[in-house]
Amino acid sequence: MRVPLSWLQELVSIDQSAVEIANKLSMAGFEVEAIEDMASQLNGVVIGFVVSKKQHPNADKLSVLEVQVGQEENLQIVCGAKNVRAGIHVPVALEGTYLPASDLKIKTSELRGVISQGMICSSQELGLKGDPSGIIICENISSQVPTTGETFSSFLELNEIVLDLAITANRPDGLSMRGIAREVSTLFKTKILFDENNEKEE
């Protein structure tokens, strides 16, 4: 059972940290297998703006891009995605970034004789849902105008903490958000924020 902290806070009056909630639930018989910070998998990934695109001199399937990422100097990035073009906002993994979803550590490298200072990312490389065949184009996923240099997790509003609970057969009440909310309410002696008479489960 995956319990988003923000959703839990809509159902029960609680301001304790995810760790405190996890500890209490574990002591009550709901083993918390993991506390997932959804934004952590995107650490080091920022919004970039593709200023220009030109053909790689030594590779037909690669492009050389000039990309703004909110720093004093623009980056030069080599990219093989077919859907990349000038004038779009894209997620850029900066040098030193580790991408857990694809087990990649980003570093400045030389690709077919051209320096590349980062990586423009696809959904698959970031562990997100979406078409893995090309890079993510921010304009295709949101009407919000991206801010060059802002974190990609902020752009996606992906600042979520998720508790991953192992529900045993003797605790079927833990198979719904309202069931977990009731348990948290009891454990912390705090108020339920939904109508108990409403039979519709969340």
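Quick caveat, the model's predicted, so the values are computed rather than measured.

Chemist: How would you summarise the environment of Glu157 if you had to cite specific residues and measurements?
Modeler: For Glu157, the location among the structural elements is in the loop between helix H5 (152–155) and strand S12 (161–166). Along the sequence, Glu157 and Ala39 sit 118 residues apart, while their C-alpha atoms lie 8.9 Å from each other.

Chemist: Describe in detail the pairing of strand S4 (residues 63–68), supporting the description with residues and values.
Modeler: Pairing between strand S3 (residues 45–55) and S4: 6 bridges, direction antiparallel. Looking at S4, one finds that Val50 is bridged to Val67. Bridge count for S4 against strand S5 (residues 75–79) is 5 bridges, and the pairing is antiparallel. Bridging across to S5, Ser63 finds its partner in Cys79. The turn linking S4 back onto S5 is made up of 6 residues, and Gly70 within it adopts a positive phi angle of 85°.

Cut-offs used in this document
Residues numbered from 1 in each chain as written. Predicted model: local features only at pLDDT ≥ 70, side-chain atom pairs only at ≥ 80, totals over all residues. Heavy atoms only, no water. Helix = DSSP H or I, 4+ residues; strand = E, 2+ residues; numbered from the N terminus. Pairing = 2+ DSSP bridges.

By themselves these figures say nothing about function.
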